[in-house]
Amino acid sequence: MLALIAGQGALPRAVADACPERPLICALEPHMPEGLAVDRSFRVETLGSFLHWLRKRGVTRICMVGRVSRPEIRLTQLDWRTVLMLPAFRRALKRGDDGALRIVIGLLEGAGFEVVGAHEAAPDLLPPSGVLTQVQPGAADIAAARLGDQVSREQGARDFGQACVIRDGAVLAREDEAGTDAMIAALEAAVGGVLYKAEKPGQDHRADLPVVGPRTAEGAVRAGLSGIVLSAGGVMMVDRPAMIEALDAAGLFLWVRERDAGRFISRPASPRATSSARR
């Protein structure tokens, strides 16, 4: 049986809906998922007892999905099962996000659970490689994608965000803890820029895999961007048809490519063949 430890955002519901059988829906307080009835919520101070409850329910696999902030641990409220995990908690609090997630995954595996990624529980959320829109990237967009590869490696090494906006060989914005949509909303004079989003190099795909959706597309349109570049196999897409429809209607491209790839395999030419033809 699969249990989702669901955080905020639209992704938990998308994963739950895509599962062949309804998973057990759980939530780390106070991060409640959108549009999902929660079977059980828990606090980090009761993690040990929560995992014991999962085992009694017959859960063998856990998927962590959705946004959560780093919790504050109240030592006086630890239950006895969780006290045993305290050394690992303290190590996690001293690490960056990736290091902390690896420790949490280790705790879950040590408790006898298989930890699976959202893309494994719902593989259809990973879009296919290629240009998925009517508009194709132009030469400037290809150059922006290559620069995005470099920026992604740099941000990953510094445990920063998973997205950036690039235009004319310069980085206009970098994602922080507020997320991709907030980064796009704060843009000024970004016409012609490219949103680049990828998982951090070396990231454990079982947790915190990047995600985009219609809200991301709407933000890109409002900001006047030329299009969106996503890492193939590293970024999930919620409501893919709606996202592509919004980008097509506004004349933006969506390119899913391998990191460090060169050119793309173009679809047949159309009246809106490249992004440079629009601007």
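A short tour of the structure in this document, coming up. Bear in mind the structure is a predicted one, so any value in this text is a computation, not a measurement.

Reading guide: rules and limits
- The written sequence of each chain sets the order in which its residues are numbered from 1.
- Thresholds applied to this predicted model are a pLDDT of at least 70 for local features of residues and 80 or more for the giving and counting of side-chain atom pairs; totals over whole chains, interfaces and linings are not thresholded and use all residues.
- Side-chain numbers come from the whole structure's heavy atoms, not from hydrogens or water.
- Any Lys or Arg side-chain nitrogen found within 4 Å of a carboxyl oxygen on Asp or Glu counts as a salt bridge.
- Numbered from the N terminus, helices here are DSSP runs of H or I no shorter than four residues, and strands are runs of E no shorter than two.
- Between the first and last residue of a helix there are one fewer steps than residues, each counted as 1.5 Å, and that sum is the expected span.
- Under the scheme applied here, a residue whose accessible area is under 20% of the maximum for its type counts as buried, over 50% as exposed, and between as partly exposed, the area being computed with a 1.4 Å probe on protein chains only.
- Residues count as neighbours in contact if any of their non-hydrogen atoms are within 4.5 Å of one another.
- Two strands form a pair only when DSSP identifies at least two bridges running between them.

Attention now moves to the pattern of salt bridges. Tallying each qualifying case throughout the model produces eight salt bridges. Between Arg-13 and Asp-17 there is a salt bridge; the shortest N-O distance is 3.7 Å. In this pair, Arg-13 and Asp-17 are both assigned in helix α1 (residues 11-18), four residues apart and thus about one turn of the helix distant. Glu-45 is the partner of Arg-43 in a salt bridge, and the nearest nitrogen-oxygen pair spans 3.3 Å.

A few words on helix α7 (residues 139-157). Between the first and last C-alpha of α7 there are 28 Å, a value that for 19 residues agrees with the 27 Å anticipated at 1.5 Å per step. For α7, the set of buried residues is Asp-141, Ile-142, Ala-144, Ala-145, Leu-147, Gly-148, Asp-149, Val-151, Ser-152, Gln-155 and Gly-156. Tucked into the core, α7 has its buried residues touching β7 (163-167), β8 (170-174), β9 (194-197), β11 (227-231) and β13 (253-257).

Picture the strands of a sheet paired through backbone hydrogen bonds; they go either parallel or antiparallel. Reading across the sheet, the six strands line up as β6-β13-β11-β9-β7-β8 and stay open at both edges, with mixed pairing between neighbours. Edge positions in the sheet fall to β6 (130-131) and β8, since each of these pairs with one other strand and no more. Direction of pairing for β7 relative to β9: antiparallel, over a ladder of four bridges. By the bridge assignment for β9, Val-165 is matched with Leu-195.

Looking now at the pairing of β8. When β7 meets β8, the two strands line up antiparallel, connected through four bridges. Its bridge partner lying in β8, Ile-166 is registered against Val-171. In this structure, the hairpin formed by β7 and β8 is closed by a connection of two residues, where Asp-168 is found at a positive phi of approximately 55°.

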